[in-house]
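Analysis of the macromolecular model
Listed below are the residues making up each chain.
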Amino acid sequence: MGIFSRQKSFRSHTPFIPQGNQFEVNMWETSEFVSKKLLPVVSYHPFPLSELVFMVAALVYTRPDYLFEWGTHVGKSARIWYETARAFDLPTQIVTVDLPPDVEHVEQPGQRRGELIRHLSSITQLLGDGVTTSLAYARDYSVVRPFFFLDGDHEYASVLRELKAIHKRYPHAPLIVHDTFYQDDASGYNCGPHRAIKDFLTSHLDYRHMETALGLPGMTLLLPKL
Ligand SMILES: C[S@@+](CC[C@H](N)C(=O)[O-])C[C@H]1O[C@@H](n2cnc3c(N)ncnc32)[C@H](O)[C@@H]1O
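Cut-off values and rules
- Residues numbered from 1 in each chain as written.
- Predicted model: local features only at pLDDT ≥ 70, side-chain atom pairs only at ≥ 80, totals over all residues.
- Heavy atoms only, no water.
- Buried < 20%, exposed > 50% of the residue type's maximum accessible area, 1.4 Å probe, protein only.
- Helix = DSSP H or I, 4+ residues; strand = E, 2+ residues; numbered from the N terminus.
- Pairing = 2+ DSSP bridges.
- Right-handed = clockwise from strand over helix to strand, strands pointing away.
- Near = heavy atom within 4 Å.
- Polar contact = N/O pair within 3.5 Å; in protein donor to acceptor, adjacent residues only side chain to side chain.
- Areas by Shrake-Rupley, 256 points an atom, 1.4 Å probe, with all protein chains shown as cover.
- Nonpolar A, V, L, I, M, F, W, Y, C, P; charged D, E, K, R; others polar.

Right, let's get into the pairing of strand β5 (residues 175-178). Burial of β5 is two-sided: the residues L175 and V177 facing one way and the residues I176 and H178 facing the other way are all buried. The sheet contact formed by strand β4 (residues 146-150) and β5 spans three bridges and is parallel. Within β5, the position partnered with F148 by the bridge is L175. Taking the sense of rotation as the criterion, the β-α-β connection linking β4, helix α5 (residues 156-169) and β5 turns out right-handed. Note that β5 and strand β7 (residues 219-224) share four bridges and pair antiparallel. Bridge pairing links I176 to L221 in β7.

As a further point, take the site of the ligand. Taken together, the neighbourhood of the ligand is formed by 23 residues, with S77, D98, D129, G130 and D151 sitting nearest. For the ligand, a nitrogen atom lies 2.9 Å from a polar atom in the side chain of D151. For the ligand, whose free accessible area comes to 610 Å², the fraction covered by protein is 94%. At the level of secondary structure, the elements contributing two or more residues to the shell around the ligand comprise α3 (76-87) and β2 (93-98). Per-class residue counts for the shell around the ligand are six nonpolar, 11 polar and six charged.

So yeah, pure geometry; function would need other evidence.
In structure tokens form, the structure reads like this:
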């Protein structure tokens with residue numbers, strides 16, 4: 001059983017219902033969707049194949065009513081969520097947030113913000129701080145079963161703040177953090193998201209976590225224990 005309900009199948013395929021209680025999706029269906037439908041639209045950068053499959057599997061399994069994500073940047077991840085929800089008939093509304101253009105940030109997208117989703121009117125695009133804006137929207141729209149995708153500022157303190165804010169309001173919400181690949185200090189990588197999750201989980205034991213762990217950039221799914 002998924003967190004919120006059973007998954008539906010990809011288009012015309014036979015519905016897939018896991019018999020056990022652990023996370024499971026039909027990997028042939030997700031692979032077919034990623035290779036035939038998703039890759040031609042979003043390519044494998046910045047999200048490699050393993051992460052595309054991971055994102056699709058998480059959304060299909062959890063079937064949230066809303067997917068909140070930040071930051072939007074050019075709109076790759078928002079497009080991935082949108083295409084997945086459409087292909088698998090999920091009841092998921094997509095809300096994506098990025099910083100206003102006058103806020104300086106090393107990855108500020110400027111004029112390119114949302115260019116892959118500009119024509120998709122069903123995706124809600126907002127400006128502001130990701131977690132603050134998303135939670136305000138969730139309150140205003142009485143959101144019950146959200147999923148969060150954290151891909152904004154990758155500093156330790158920012159990610160930890162976002163995780164705590166989400167948990168306080170929605171302790172049963174699944175979430176994915178991007179850029180979580182861990183390598184030791186000699187690598188010089190930004191290990192902020194990885195450390196933030198590790199510290200968060202020491203005081204929040206009510207999550208299982210799954211990750212893509214072969215190389216950069218890396219993705220971690222936190223799934224509340226039932
Ligand atoms: C790595 S990019 C995100 C890539 C994007 N998810 C995609 O698929 O194209 C990081 C983005 O987060 C935005 N950002 C940074 N801090 C933020 C915050 N506190 N709230 C919302 N967006 C933020 C940046 O402006 C930038 O566009």
